[in-house]
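# Reading the structure
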Amino acid sequence: MPKILVTGGCGYIGSHTVVDLIENGFDVVSIDDNSRSTNYLLDGIDKITGKKLKNYKVDLKNFDETLAVFQENEDIIGVIHFAAYKAVGESVEKPLMYYENNLCSLINLLNCVKEFNIPHFVFSSSCTVYGNPDSIPVTEQTPEKKAESPYGATKQMGEEIIRSFVKVAETNAILLRYFNPVGAHPSNLIGELPLGKPQNLVPAITQTAIGKLPQMQVYGNDYDTRDGSCLRDYIHVSDIASAHTLAMRFLLENKNTGKCEVFNLGSGNGVTVLEAIKAFETVTGQKLNYKIGPRRPGDVVAIYANNNHAVSALNWQIKYDLNEMMRTAWAWELKVKEDEELMKKQNPVLN
Ligand code: WQD
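Residues numbered from 1 in each chain as written. Predicted model: local features only at pLDDT ≥ 70, side-chain atom pairs only at ≥ 80, totals over all residues. Heavy atoms only, no water.

### Here's the deal with helix α7 (residues 201-210)
For clarity, the cut-off: Accessibility here uses a 1.4 Å probe with only protein chains present; expressed as a share of the type maximum, an area under 20% marks a residue as buried, one over 50% as exposed, and anything in between as partly exposed. Strands are runs of DSSP state E lasting at least 2 residues, helices are runs of H or I lasting at least 4, and numbering of each runs from the N terminus. The contact criterion used is simple: two residues touch if any of their non-hydrogen atoms lie within 4.5 Å.
With nine of 10 residues buried, α7 lies mostly within the body of the structure. L201, V202, P203, A204, I205, T206, Q207, T208 and I210 are the residues of α7 that are buried. In this structure, the buried side of α7 is in contact with β7 (180-182), β8 (216-219), β10 (234-236), α9 (273-284) and α11 (322-338). Immediately beyond the C-terminal end of α7, within one or two residues, lies G211, with a positive phi of roughly 95 degrees.

Following this line, the structure appears as structure tokens:
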């Protein structure tokens, strides 16, 4: 069984990917310092797969400790790198923390990849690298605009660091640009655990519906879109996860056309905020308490993916539609409520 190192394996997208890799015959080890995650998802992974995932509680900024994981697992043939800070707003408040964490950890990891001649590397990138695009849908060739936040800048820089690195290494890389990952695993054993007040739309919807938040705001209804609210490309987290397994297989089978290939991971459908809310209400039967508020600074007006490259080259099959995204997100919110005390005990940071 080929062994893959997943960084951030206890996080939202990382945990779903670990499950998909194991279900597709890969052996997986994880590095996650649990600074933004909890063992709760680790337990969920074990329950779904029936295997015990080995997670190294190591901060990737610590080079020696990171290197030791590679020394202990000399048979690693590929790395999927998720571990990073990802809150756009927080990155504006604490830019140095974002640059230091997201870039130092990437550089340390690539130094290990070089040291051990790891042939395959997959990177979590983001549609934030496109900024506010001139036309939609965006393809992988759509020119990048200046990032709207330090978080987005770390993804642009991360991509650039990898492009430079692979030119002089025996490694091939894939950059996966996620659009808006939402929903939870159909088993309802893993899902998203946002830190503090949720910034993202779907957790804001589910937390409002369950009563954790008194009311939610739609940030602006005067944009140039079909109903005035912003338009995004929501994609189920399990579909995002399966694309990682396919990307790793693509590299293993030497199907890549260059040293570094880029794929958009979106559904290819644009959905407005008001349409997303409507879908949630219809699927769950919950009436959402929301009001129209002012625009959120830094929001892109409208973006969705042209995903042809991933669909054709990776043979990526999207399984979940918007209704399923909302249904699984809601089921997960109900489960989180049930297990809240246990989660708080496991990681007080998540309160
Ligand atoms: C979606 C829409 C909000 C909350 C995210 C990540 C970013 C990147 C891309 C991966 C926007 C509106 C939200 C609320 C609202 N992903 N909204 N009320 O901004 O597209 O960015 O996906 O790297 O890192 O953060 O996602 O979920 O925050 O917002 O009206 O309470 O929902 O204005 O139009 P966004 P989001």
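### Quick look at the site of the ligand
Selection rule: Whether a residue is near a molecule or strand depends on its heavy atoms: if one lies within 4 Å, it is near. We define a polar contact as two N or O atoms separated by no more than 3.5 Å, with the added condition that, inside protein, one atom must be a possible hydrogen donor and the other a possible acceptor, whereas residues neighbouring each other in sequence contribute only through side-chain atom pairs.
Surrounding the ligand, one finds 21 residues, the nearest of these being Y151, L201, Q217, R232 and D299. Taking N180, its side chain carries an N or O atom lying 3.0 Å from an oxygen atom of the ligand. Between the ligand and the protein, one listed contact pairs an oxygen atom with a side-chain N or O atom of R296 at 2.8 Å. At the level of secondary structure, the elements contributing two or more residues to the shell around the ligand comprise α7 and β8. At four residues, β8 tops the list of elements feeding residues into the shell around the ligand.

### So, the packing of aromatic side chains
Applied cut-off: Paired rings are identified among Phe, Tyr and Trp, the last through its six-membered ring, by centres lying within 6.5 Å, and are further divided according to the angle between planes into stacked (under 30 degrees), edge-to-face (over 60) and tilted (the rest). For a ring to carry a charge above it, either NZ of a lysine or CZ of an arginine must fall within 6 Å of the ring centroid while also lying within 35 degrees of the normal to the ring plane.
Summed over all chains, the structure comprises six aromatic pairs. Pairing F250 with F263 gives two aromatic rings, centres 5.8 Å apart and planes at 85 degrees, and the pair type is edge-to-face. Of the two residues, F250 sits in helix α8 (residues 237-252) while F263 sits in strand β11 (residues 260-265), which places them 13 residues apart along the sequence. With respect to class, F250 is no different from F263; both count as buried. One cation-aromatic arrangement involves R36 over Y85; the distance from NZ or CZ to the ring centre is 4.1 Å. Taking NZ or CZ as reference, K54 lies 4.7 Å from the ring centre of Y56, over its face.

### Structural notes on the side chain of Q207
Structurally, Q207 is set in helix α7. Setting aside chain neighbours within four positions, we find Q207 in contact with P194, P198, K212, L213 and E333.

### Description of the sheet that holds β11
Short version of the rule: Here, a strand pair is defined by DSSP locating no fewer than two bridges between the strands. Angles here are taken between N-to-C directions and fall from 0 to 180 degrees, while the axes themselves are lines fitted to C-alpha atoms, restricted in helices to the stretch in contact.
Strands sit in the order β3-β2-β1-β4-β5-β6-β11 across an open sheet of seven strands; the sheet is parallel. The open sheet has two edge strands, β3 (54-56) and β11, and neither has a second partner. Along the sheet, successive strands turn relative to each other by an average axial angle of 20 degrees, direction set aside. Both strand β1 (residues 3-7) and strand β4 (residues 76-81) contribute to a ladder of five bridges, which runs parallel. Residue L5 lies in a different strand from β4, and its bridge partner there is V79.

Everything listed here is a matter of coordinates, which is why it stays silent on function.
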